[in-house]
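The chain contents come next:
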Amino acid sequence: QETLVFSFIGMTPQEVRIGGKTTIDIVMVEASFGLDEVVVVGYGTQKKVNLTGSITAIKTDNLTTIATQSLPQTIMGRAPGLFVKNVSGQPGKTNNVSYNIRGFGTPLIIIDGMPATAEVFNLLDPNDIEDFSVLKDASASAIYGARAGDGVILVKTKRGKVGIDMTLTSNFGVQFFTLAPKFVDS
């Protein structure tokens, strides 16, 4: 007996025995996908975060190409619409960094699905970041509620793997006056 397999995007594949039939009735059954991972659309499946609105993603390879002191220095100028301002300018001081998206207030920071403070975000190692996204408009950040009115910074960190993977990154700097000016007295 001959069988035909019918497969449509977003539907469970159906196997039907033909056996000399001239008419075949097929009832399609919707395939269920987890909403956290993918969303079924008319032309295939995509990540949910890619469909919700105006989003900017920074490739993690770009976060580790330049040796910087902290994550705020690493992301400065890399995401359109994300403004990072180091208020103090003092070397090594990362607790006076302000963030805003498109000139609005302080965005909601989500690290691995949990809200985080700017201080925790500033202490992240760029080498530990797997995915970095900035949700810039209301349609993109609506799923996070009222706290996300000024935008959302989404960070997903890397997970452990079997085996050993070692990376060494070092940075050294010296700061001093190149020229001490001589001031005129009264």
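Presented here is a report on the structure given in the accompanying data block. (Residues numbered from 1 in each chain as written. Predicted model: local features only at pLDDT ≥ 70, side-chain atom pairs only at ≥ 80, totals over all residues. Heavy atoms only, no water.)

**Side note on the overall build of the protein**
Logical step 1: Along the protein, the regular secondary structure elements total 4 helices and 11 strands.
Logical step 2: For the protein, the residues scored as buried account for 25% of the 186 residues in total.
Logical step 3: Restricting to contacts in the protein with at least 6 residues of sequence separation, those with at least 24 account for 47%.
Logical step 4: Element-wise, carbon and sulfur atoms account for 54% of the exposed surface of the protein, whose accessible area totals about 13500 Å². (Helix = DSSP H or I, 4+ residues; strand = E, 2+ residues; numbered from the N terminus. Buried < 20%, exposed > 50% of the residue type's maximum accessible area, 1.4 Å probe, protein only. Contact = heavy atoms within 4.5 Å. Areas by Shrake-Rupley, 256 points an atom, 1.4 Å probe, with all protein chains shown as cover.)

**Details of the packing of aromatic side chains**
Logical step 1: In this structure the tally under the stated criterion is 2 aromatic pairs.
Logical step 2: Taking 5.4 Å as the distance between ring centres and 80° as the angle between the ring planes, the aromatic pair formed by tyrosine 99 and phenylalanine 121 counts as edge-to-face. A residue pair is termed long-range when its members are at least 10 positions apart, and tyrosine 99 in strand β7 (residues 97-101) and phenylalanine 121 in helix α3 (residues 118-122) qualify at 22 residues. You'll find tyrosine 99 and phenylalanine 121 in the same group, each marked buried.
Logical step 3: Here phenylalanine 121 and phenylalanine 132 contribute two aromatic rings whose centre-to-centre distance is 6.1 Å and whose plane-to-plane angle is 40°, an arrangement assigned as tilted. A residue pair is termed long-range when its members are at least 10 positions apart, and phenylalanine 121 in helix α3 and phenylalanine 132 in strand β10 (residues 129-135) qualify at 11 residues. Of the two residues examined, phenylalanine 121 and phenylalanine 132, each falls in the buried class.
Logical step 4: An aromatic cluster is defined as three or more aromatic residues linked by ring pairs; in this entry it consists of Tyr99, Phe121 and Phe132. (Phe/Tyr/Trp six-rings, centres within 6.5 Å; stacked < 30°, edge-to-face > 60°.)

**Digging into the nonpolar core**
Logical step 1: Of all hydrophobic cores here, the largest spans 19 residues; its most connected members are Ile75, Leu82, Phe121, Phe132, Ile153 and Val155.
Logical step 2: Residues contacting leucine 82, with those up to four places away along its chain left out, are Ile75, Asn100, Ile101, Val134 and Ile153.
Logical step 3: By size, the runner-up hydrophobic cluster in this structure holds 7 residues, among which are Ile110, Ala148, Val152 and Leu154. (Core = buried A, V, L, I, M, F, W, Y, C linked by side-chain atoms within 4.5 Å.)

**Quick word on the sheet that holds strand β11 (residues 152-157)**
The strands making up a sheet associate through hydrogen bonds between their backbones, and the pairing can be parallel or antiparallel.
Logical step 1: If you trace the 5 strands from one edge of the open sheet to the other, you get β5-β10-β11-β8-β9, paired in mixed fashion. Each having just a single partner strand, β5 (55-58) and β9 (114-116) make up the two edges of the open sheet. Within this sheet the neighbouring strands show an average axis-to-axis angle of 25°, counted without direction.
Logical step 2: In this sheet, β11 lies alongside strand β8 (residues 108-111) in parallel orientation, the contact comprising 4 bridges. When the sheet's bridge partners are listed, leucine 108 is paired in β11 with valine 152. (Pairing = 2+ DSSP bridges. Axes fitted to C-alpha atoms, helices over the stretch in contact; angles between N-to-C directions.)

Treat this as a map of the structure, not an account of what it does.
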